[in-house]
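# Close look at the chain arrangement
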Amino acid sequence: MMAPVRRLRRLLVLLPSAAVGGAERHTATLAHALAEVGVDVTIAAEPALLPGLAPLFHRLALVAAPIGWREEEAMEANAARQAGAAAALIARHAPDAALLPLPWPSHGLGLQLALAEAHLPGLAIAHLAPHEPVPVPAALLRAALAAPLTWAAVSAPVAGRVEALHRLRPGEVAVVPNGVTVPADDPTRRAAQRLARREALGLGPDAPLVLFAGRLEEKKGADLLPALAERLRDEVSATLVALGDGPLAASLAAHPAARTDGPLRLPGLVDDVGDWLLAADALVLPSRLEGCPLIVLEAAARRCPIIATVYSMEYLGEAAHSVAWIVETLSVLSVHPGTNRGI
């Protein structure tokens, strides 16, 4: 006998995020695609996160709920709070299914408890996973795994680590890489952006310009940016522009390299990263941990050369060398403005 066909009419997206980054942008793309085919999508997230999420989830329903993972709380306390809040959301919105975008594989444990209690099916998407397993109390993990979830990850390394953490069978986490829209090549726009961005920074029209784009935190290697900027200035007279915000923003801004005319510029969060990629001579990724970084795909789509650590490009395996210049350590980084490499 064939299983009954279930139609997805109402989807509840449970975001355990503490910040807005690639996982949240990816989730917005999925949510809009589902809404366009008639699914009623509701996104729940921490109240403090809603202003940052609103531009991504425009025209979709955003609701505040205390479901974010809080590093200052114990794992059991986090899970209990998440479970209670998610149960209330499920009762209120009566979804047909749930979507759990996981910036970290253990950050949805309480949400999984609520899905298990409600027998609500869902899809969990793992965006990042640490090299070392996250210790989870056995009883909590066992209860969370009762949730009727299908698992996916943005890369094979992330999938393998999630399988190990959640004691899933090898291959049970499907690998579905991230994707981006590839814009049409526009040499006129590229030339205009190269000139305009340098002029705005007080640089000459041919001044070397290197870009970093991402959350300003240690996982992204943002603590290395001042030294990297000084090295780029000394070796190739380049300026490093670091787009983004995060916990290291204040310390980076206070560094001598970030003075008004220094080699490190910090514009903060911007909504035109694509144009910055057109303007840059190279994108640099000093990350210590990545999943399938959207910024790499955005850069390759615009034929912006990429210089990255092995950790930044782990998701591509040996193919990484055909997309980027891979360095074992940033001490050997060198930039050659005017060159071009992309997918």
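Reading the values: the criteria
- Sequence order as written defines the numbering, with residues in each chain counted from 1.
- For a predicted model such as this one, the threshold for reporting local features is a pLDDT of at least 70, and the threshold for listing and counting side-chain atom pairs is 80 or more; totals across whole chains, interfaces and linings nevertheless cover every residue.
- Just so you know, side-chain values use all the structure's heavy atoms and leave hydrogens and water out.
- Buried means the residue's accessible area, taken with a 1.4 Å probe over protein chains only, is under 20% of the maximum for its type, while exposed means over 50%, and partly exposed covers the values in between.
- The secondary structure listing takes helices from DSSP runs of H or I that are at least 4 residues long and strands from runs of E that are at least 2 residues long, numbered from the N terminus.
- Whether two strands pair comes down to DSSP finding at least two bridges between them.
- To estimate the expected span of a helix, count its residues, drop one, and scale the result by 1.5 Å.
- In this analysis, rings of Phe, Tyr and Trp, with Trp reduced to its six-membered ring, are considered paired at centre separations within 6.5 Å, and the interplanar angle assigns stacked below 30 degrees, edge-to-face beyond 60, and tilted for intermediate values.
- Lysine and arginine charges are scored as sitting over a ring when NZ or CZ, respectively, is within 6 Å of the ring centre and within 35 degrees of the ring normal.
- Here, axes are lines fitted to C-alpha atoms. For helices the fit covers the stretch in contact, and angles between N-to-C directions go from 0 to 180 degrees.
- In what follows, a contact means two residues having at least one pair of non-hydrogen atoms within 4.5 Å.
- Residue-level confidence of the predictor, termed pLDDT, takes values from 0 up to 100.

Attention now moves to the pairing of strand 4 (residues 97-102). Burial within strand 4 is extensive, with six of its six residues counted as buried. A two-sided burial pattern is seen for strand 4, the buried positions comprising Ala97, Leu99 and Pro101 on one face and Ala98, Leu100 and Leu102 on the other. Pairing of strand 1 (residues 10-14) with strand 4, which is carried by three bridges, proceeds in the parallel orientation. For Leu12, the partnering residue across the bridge sits in strand 4 and is Ala98. Across five bridges, strand 4 lies against strand 5 (residues 122-126) in parallel orientation.

Since one α-helical turn is 3.6 residues long, residues separated by three or four positions face the same way. Here helix 1 (residues 22-36) contains 15 residues, and its C-alpha end-to-end distance of 21 Å stays within 8% of the 21 Å for a straight helix at 1.5 Å per residue. Of all the residues in helix 1, the buried ones are Ala23, Glu24, His26, Thr27, Ala28, Ala31 and His32.

The backbone phi angle of Arg59 is positive, close to 70°, even though this residue is not glycine. Relative to the elements of secondary structure, Arg59 occurs in the loop between helix 2 (50-53) and strand 3 (61-64). The phi dihedral of Arg167 falls on the positive side, at around 55°, and the residue is not glycine. Secondary-structure assignment places Arg167 in the loop between helix 6 (156-165) and strand 7 (173-175). Under the relative-accessibility criterion, Arg167 is labelled exposed at 61%.

What follows concerns helix 11 (residues 294-301). Among the eight residues of helix 11, seven are classified as buried, and the element is accordingly described as predominantly covered. Taken together, the buried positions of helix 11 are occupied by Leu294, Ile295, Val296, Leu297, Ala299, Ala300 and Ala301. Just beyond helix 11, the residue with positive phi is Arg303, at close to 55°.

Moving on to the packing of aromatic side chains. A full pass over the atoms with the stated rule returns zero aromatic pairs. Sitting over the ring of Trp104, Lys219 keeps its end group 5.4 Å from the ring centre.

Turning our attention to the sheet that holds strand 10 (residues 264-268). Spatial ordering of the open sheet is given by 10-9-8-11-12-13, a layout of six strands whose pairing is parallel. Since the sheet does not close on itself, it has two edges, and those belong to strand 10 and strand 13 (325-327), each with one partner. Across the sheet, the axes of successive neighbouring strands diverge by a mean angle of 25°, strand direction being ignored. Pairing geometry for strand 12 (residues 306-309) and strand 13, over three bridges, is parallel. Bridging from a neighbouring strand, Ala308 pairs with Ile326 of strand 13. Sheet contacts for helix 8 (residues 225-236): strand 8 (209-213), strand 9 (239-243), strand 10 and strand 11 (282-285); angle to strand 9, the most-contacted strand, approximately 150°. Against the sheet, helix 11 engages strand 8, strand 11 and strand 12, with an angle of about 165° to strand 11.

Attention now moves to the confidence of the model for the protein chain. Per-residue confidence for the protein chain gives a mean pLDDT of 91; residues scoring 70 or more make up 94%. Considering only residues more than four positions removed or in separate chains, one finds that residues 332-343, a stretch of pLDDT under 50, has 36 contacts.

As summarised here, the arrangement of the seven strands in space is 3-2-1-4-5-6-7, forming an open sheet in which the pairing is parallel. Strands with a single pairing partner mark the edges of an open sheet, and in this sheet they are strand 3 and strand 7. Adjacent strand axes in the sheet meet at a mean angle of 25°, parallel and antiparallel pairs treated alike. Packed on one face of the sheet, helix 3 (residues 75-93) meets strand 1, strand 2 (40-45) and strand 3 and runs near 165° to strand 1. Against the sheet, helix 6 contacts strand 5, strand 6 (149-153) and strand 7, and its axis sits at roughly 175° relative to strand 7.

The subject of this paragraph is the side chain of Arg302. Tracing the sequence through the fold places Arg302 in the loop between helix 11 and strand 12. The exposure class assigned to Arg302 is buried, which follows from its relative accessible area of 15%. Contact partners of Arg302, with chain neighbours within four places excluded, come to Pro183, Arg190, Gly274, Leu277 and Leu278.

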